[in-house]
Amino acid sequence: MTRRSMSKRAAVVTVAALVAVGTLAAGGAVAGPEKAAKPTKKQVAALFDGWNAALKTQDPEKVADLYWDDAVLLPTLSNQVRADRESRIDYFEHFLANEPVGKKIETHINVLDSNSVLDAGLYEFALTDHDTGKKSIAKARYTYEWEKRDGEWKIVNHHSSLMPEG
C-alpha cells in the first residue's frame, strides 16, 4: 500500500468515525431526557381521593375541573354520555344535590406508563335525597382513566354504572 493510499484510507476511517459519533450524538439529542417515573399505586389511589374531596365541595365546576376537555364521562345515575364540560357540569349539579360520598370497595390499578393509568373496581355512594332526606346507597362499578398532561393528572375517561341486580 502506498503512502498516499494509506493517507486516503485514514481520512475515510476518520470521516466514518466522525459521522458515527455525530449520529450517536444526534440520536441522544432526539431521545431527550430520562423517562419520567411511573406513579405508584398509592399515588393513583390518591387521585380518587381528590375526586371524592371535590364532590364534598358541592361545586360541580370543581368536579368538572378534574376532567380533561376531551374527556368522556359515562355517569352512574344518568343514561346520557357526557363528552364536554357543560354536560359534565350539568350531571354533577344533579348528582351533587344528593350529597354523595364515595367509598371504594374493591380497586384494581394498572399503571400503563408515566402519563396514563387505569383505576377500576367497585365503589358505593352514600346518597341523601334532597327532597325527602331519605338516605340510600348506590353500589356501582367504575373505571377511571387518568392521563398526565403538562405535569397535571386529570380524567380522560370515566365509566360508572350501577351494579346489575341479581
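Thresholds applied
- Residues numbered from 1 in each chain as written.
- Predicted model: local features only at pLDDT ≥ 70, side-chain atom pairs only at ≥ 80, totals over all residues.
- Heavy atoms only, no water.
- Helix = DSSP H or I, 4+ residues; strand = E, 2+ residues; numbered from the N terminus.
- Buried < 20%, exposed > 50% of the residue type's maximum accessible area, 1.4 Å probe, protein only.
- Contact = heavy atoms within 4.5 Å.
- Areas by Shrake-Rupley, 256 points an atom, 1.4 Å probe, with all protein chains shown as cover.
- pLDDT = per-residue confidence, 0-100.
- Polar contact = N/O pair within 3.5 Å; in protein donor to acceptor, adjacent residues only side chain to side chain.
- Pairing = 2+ DSSP bridges.
- Axes fitted to C-alpha atoms, helices over the stretch in contact; angles between N-to-C directions.
- Core = buried A, V, L, I, M, F, W, Y, C linked by side-chain atoms within 4.5 Å.
- Expected span 1.5 Å × (residues − 1).
- Arc of directions from axis to C-beta.

Draft legend 1. Just the overall build of the protein, in detail. When helices and strands are tallied, the protein shows four helices and five strands. Residue burial in the protein is summarised as follows: out of 166 residues, 31% are buried. Restricting to contacts in the protein with at least 6 residues of sequence separation, those with at least 24 account for 50%. Per element, the accessible surface of the protein, about 10700 Å² overall, is 56% carbon and sulfur.

Draft legend 2. Representation of the confidence of the model for the protein within the structure. Considering every residue of the protein, the mean pLDDT works out to 86; 79% of them sit at 70 or more. Considering only residues more than four positions removed or in separate chains, one finds that residues 9-30, a stretch of pLDDT under 50, has one contact.

Draft legend 3. Representation of the environment of Asp84. Here Asp84 lies in the loop between β1 (67-74) and α4 (85-96). Considered as a pair, Asp84 and Leu73 are eleven residues apart in the sequence and their alpha carbons are 8.7 Å apart. Among the polar contacts listed, one links the side chain of Asp84 to the backbone nitrogen of Glu86, at a separation of 3.3 Å.

Draft legend 4. Looking closely at the sheet that holds strand β5 (residues 152-162). Taken together, the five strands give an open sheet; going across it, the order is β1-β5-β4-β3-β2, and neighbouring strands pair in mixed fashion. In this open sheet, the two strands that pair with only one neighbour each are β1 and β2 (101-113). Each adjacent strand pair in this sheet contributes to an overall mean axis angle of 20°, direction not counted. When β1 meets β5, the two strands line up parallel, connected through four bridges. By the bridge assignment, Leu73 is partnered in β5 with His158. The sheet contacts of helix α2 (residues 41-56) involve β1, β2, β3 (116-128), β4 (135-149) and β5, and relative to β2 the element is tilted by about 140°. Of the strands in this sheet, β1 and β3 touch α4, which is tilted by about 55° from β1.

Draft legend 5. Structural view of the nonpolar core. In terms of nonpolar packing, the biggest core is built from 26 residues, with Trp51, Leu55, Val63, Tyr67, Phe92 and Tyr144 touching the most fellow members. Listed by contribution, the elements that provide at least two residues to this core are α2, β1, α4, β2, β3 and β4. Residues contacting Val63, with those up to four places away along its chain left out, are Trp51, Ala54, Leu55, Phe92 and Leu96.

Draft legend 6. Fine view of α2. Spanning 16 residues, α2 covers 23 Å between terminal C-alpha atoms, matching the ideal 22 Å at 1.5 Å per step. Val44, Leu47, Phe48, Trp51, Asn52, Ala54 and Leu55 are the residues of α2 that are buried. Along α2, the residues classed as buried sweep out an arc of 155° about the axis, all on the same side. Across α2 from its buried face, at more than 90 degrees, point the exposed residues Lys42 and Lys56. Positive phi shows up at Gln58, right after α2, with a value of about 65°.

Draft legend 7. Seen up close, α4. Compared with an ideal rise of 1.5 Å per residue, which puts twelve residues at 16 Å, α4 spans 16 Å between its outermost C-alpha atoms and is within 8% of the ideal. Every buried residue of α4 is listed here: Ser87, Arg88, Ile89, Tyr91, Phe92, Phe95 and Leu96. Summarising the contacts, the buried residues of α4 are in contact with α2, α3 (60-64), β1 and β3. Its side-chain oxygen placed 3.3 Å from the backbone nitrogen of Glu86, Asp84 serves as the N-cap of α4.

Draft legend 8. Just the pairing of β3, in detail. Pairing geometry for β2 and β3, over eleven bridges, is antiparallel. Across the sheet, residue Glu106 finds its bridge partner in β3, namely Leu122. Linking β2 back to β3 in an antiparallel pair, the connection comprises two residues. Note: β3 against β4, 13 bridges, orientation antiparallel. Across the sheet, the residue bridging to Thr128 is Lys135, located in β4. Counting the residues in the hairpin turn of β3 and β4 gives six residues, including Gly133, whose phi is positive at 80°.

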